[in-house]
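These are the residues of each chain, in order.
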Amino acid sequence: MFWNNSKTESTDTSKTINGLTMTMTMALFDVKEASLWSIMVAALPLILLTWLILVLLKKVSKKNFSVQGSNIVITGASRGIGRQIALQYSAANARLVISATNKRLLESVAEECRNAGAADVFVFSQRLGGRDSAAALRNFSQEKLGRVDTLILNHVLLPSLNGNSHWKEEKDFDDLESKTLVNYMSYVYIASSFRNLLEASCGKICIVSSIAALVPMFKSNTYAATKAALNAFFLSYREELLERRSNITISQVFLGLVTTESITNAIGKFMSNVTSITNNVVFRQFVLPPKVAARRVIEAVETRTETTYCPKKTIFTLRLLYFLFSDYFLKFFRVIHQESEKQISADSD
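Cut-off values and rules
Residues numbered from 1 in each chain as written. Predicted model: local features only at pLDDT ≥ 70, side-chain atom pairs only at ≥ 80, totals over all residues. Heavy atoms only, no water. Helix = DSSP H or I, 4+ residues; strand = E, 2+ residues; numbered from the N terminus. Buried < 20%, exposed > 50% of the residue type's maximum accessible area, 1.4 Å probe, protein only. Contact = heavy atoms within 4.5 Å. Areas by Shrake-Rupley, 256 points an atom, 1.4 Å probe, with all protein chains shown as cover. Axes fitted to C-alpha atoms, helices over the stretch in contact; angles between N-to-C directions. Parallel < 35°, antiparallel > 145°, perpendicular 65-115°, else oblique. Left-handed = near helix turned anticlockwise from the far one by under 90°. Nonpolar A, V, L, I, M, F, W, Y, C, P; charged D, E, K, R; others polar. pLDDT = per-residue confidence, 0-100. Polar contact = N/O pair within 3.5 Å; in protein donor to acceptor, adjacent residues only side chain to side chain. Phe/Tyr/Trp six-rings, centres within 6.5 Å; stacked < 30°, edge-to-face > 60°. Core = buried A, V, L, I, M, F, W, Y, C linked by side-chain atoms within 4.5 Å. Pairing = 2+ DSSP bridges.

Asker: Talk me through the overall build of the chain; I want residue IDs and the actual numbers.
Answerer: Secondary structure summary: the chain contains 13 helices and nine strands in total. Taking all 349 residues of the chain together, the buried fraction comes to 42%. A separation threshold of at least 6 residues defines the contact pool for the chain, and within that pool the share at least 24 residues apart is 77%. When the accessible surface of the chain is split by element, carbon and sulfur atoms take 58% of a total near 19,300 Å².

Take a look at the structure:
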């Protein structure tokens, strides 16, 4: 009986202690929660002010850069964005080495650059892929320019969409290897070959990439894979350079839709009055002219911005379109790539 009474008293005491403990814990939690909330509210103006200052500094830095008299190497410069990049650097009296496989088009661009104000323009017409071509481009650039300030890697092999070109395993291995060599490995080879030159000048590397690395693309397995590989490699390489206190910076630009001839021809398959559509204010928020895209690339590399999406809203929009209207979305991109191949074939003739 005594044991039972003791047990009852012990239980009551335990309940009392547990109740007090719970009350104290809840009170302490309320105090901590209130304190945390007060700190967050108090810090909010400081956070907003810091964000505003960073945005303003970013905008100022994009306006305050000079490329006057710089020595620039640009690959994939015979057409489209690469051509526009070369022309805009030329207007600042830069000295250029421009590279592409089509010598006739490249010579034409070189003449345009001279007329636009380039101090010197040197043409390197060779397919980029292996280590030998990377070394040849470096040696050519060093011989002609002496110093290299900026290296812009923009060359590419586009997806092949002849007929039913879904991935066919072993039948597509050759295509996989060739695109990997040109679209990915050549970038690594060239950037590595130019490292000593760029270290000496506190130089800059720009990787012109595509949102294909971030958004699923129709019948573009190998192309998208090479762009994703570029992203992964140069993100890691940038960190290694920072760790080594290197003078080189790496900028990556992910381009969305740009109104090159390929895209305007593709739009023409679906709609009339292509010019009025591409000049539409709403349309231009998502699809940029090559001249504007080239300007964004130059701003990114010259202000040493690590990552740029051009335009930013394009990625979200493409993801949404892919989710809601996948059939039409994929058909649109198939036509774009078919038009690109027709243009390249015509230029090669």
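Asker: Lay out the packing of helix α4 (residues 131-145) against helix α5 (residues 173-193) in plain terms, naming residues and giving numbers.
Answerer: Look at α4 against α5: their axes get within 9 Å of each other, and the N-to-C directions meet at 40 degrees. The angle between the axes of α4 and α5 places the two elements in the oblique class. The hand of the α4/α5 crossing is right-handed. Residue-level contacts link R131, A134, A135, L137 and R138 of α4 to Y189, I190 and S193 of α5. Of the residues that constitute the contact of α4 with α5, the class distribution is five nonpolar, one polar and two charged.

Asker: Before we move on, can you summarise the confidence of the model for the chain with the specific residues and values?
Answerer: Averaged over all residues, the pLDDT of the chain equals 77, while 62% of them reach at least 70. This stretch, residues 1-11, has a pLDDT under 50; its non-local contacts, to residues over four places away or in other chains, come to zero contacts.

Asker: Explain the side chain of E302 to me, and be specific about the residues and the numbers.
Answerer: You can see E302 is positioned in helix α11 (residues 290-302). Taking relative accessible area as the criterion, E302 reaches 11% and is therefore assigned buried. A polar contact of 3.1 Å, which involves the side chain of E302, links it to the side chain of T150. Each residue touching E302, except ones within four places of it in the same chain, is listed here: F65, V67, I72, Y89, T150 and K204.

Asker: So what about the environment of A225? Which residues, and what values?
Answerer: Mapped onto the elements of the fold, A225 is located in helix α7 (residues 221-243). Using a relative accessible area of 42% as the deciding quantity, one classes A225 as partly exposed. A225 sits 45 residues away from T180 along the chain, and the two C-alpha atoms are 8.3 Å apart.

Asker: With reference to specific residues and values, describe the packing of aromatic side chains.
Answerer: Think of a pair of aromatic rings as described by two things: how far the centres are apart, and how the planes are tilted against each other in angle. Under the counting rule described, the total for this entry stands at six aromatic pairs. Taking the centre distance of 5.4 Å and the plane angle of 50 degrees together, the rings of F124 and F140 count as tilted. Of this pair, F124 sits in strand β3 (residues 120-125) while F140 sits in helix α4, and the two are 16 residues apart along the sequence. Assigned by exposure class, F124 and F140 land together as buried. Ring geometry for F254 and Y309: centres 5.4 Å apart, planes at 25 degrees, overall stacked. Linking F254 in strand β6 (residues 249-255) with Y309 in strand β9 (residues 307-310), this pair joins segments that are 55 residues apart in sequence. Y309 gets classed as partly exposed once you look at its relative accessible area, which sits at 34%. Site record: aromatic cluster; members linked through ring pairs are Y184, F233, F234 and Y237.

Asker: So what about the packing of helix α2 (residues 80-90) against helix α3 (residues 103-116)? Which residues, and what values?
Answerer: Between α2 and α3, the least distance of the axes is 8 Å, while the angle of their chain directions is 25 degrees. Taken as axis vectors, α2 and α3 run roughly parallel relative to one another. The interaxial crossing formed by α2 with α3 has right-handed handedness. Of the residues in α3, those in contact with R83, A86, L87 and S90 of α2 are V109, E112, C113 and A116.

Asker: Any chance you could break down unusual backbone geometry for me, citing the residues and the numbers?
Answerer: Residue C202 is not a glycine yet carries a positive backbone phi of 55 degrees. With respect to the helices and strands, C202 occurs in the loop between α6 (195-200) and β5 (204-210). Here C202 falls in the partly exposed class, since its relative accessible area comes to 37%. The backbone of R245 shows a phi angle near 55 degrees, a positive value even though the residue is not glycine. Relative to the assigned elements, R245 resides in the loop between α7 and β6. By relative accessible area, which is 75% here, R245 ends up exposed.

Asker: Explain the nonpolar core to me, using residue names and the numbers behind them.
Answerer: Ranked by internal contacts, the top residues of the largest apolar core, which has 35 residues, are I74, I85, Y89, L96 and I98. Where this core is concerned, the elements lending two or more residues are β1 (71-75), α2, β2 (95-100), α3, β3, β5, β6 and α11. When residues in this core are grouped by element, the largest group, six residues, is from α11. Beyond its immediate stretch of four places on either side in the chain, L96 contacts I72, I74, A86, Y89, S90, C113, D120, V121, F122 and L145.

Asker: Describe the sheet that holds β5, listing the residues and the values that go with them.
Answerer: Here seven strands make up an open sheet; going across it, the order is β3-β2-β1-β4-β5-β6-β9 and the pairing parallel. Sheet topology places β3 and β9 at the edges, where each strand pairs with a single neighbour. When the angles between neighbouring strand axes are averaged without regard to direction, this sheet yields 15 degrees. Pairing of β1 with strand β4 (residues 150-153), which is carried by three bridges, proceeds in the parallel orientation. Paired with V73 across the two strands is L151, which belongs to β4. Along the sheet, α3 contacts β2 and β3; its crossing angle with β3, the most-contacted strand, is approximately 170 degrees.

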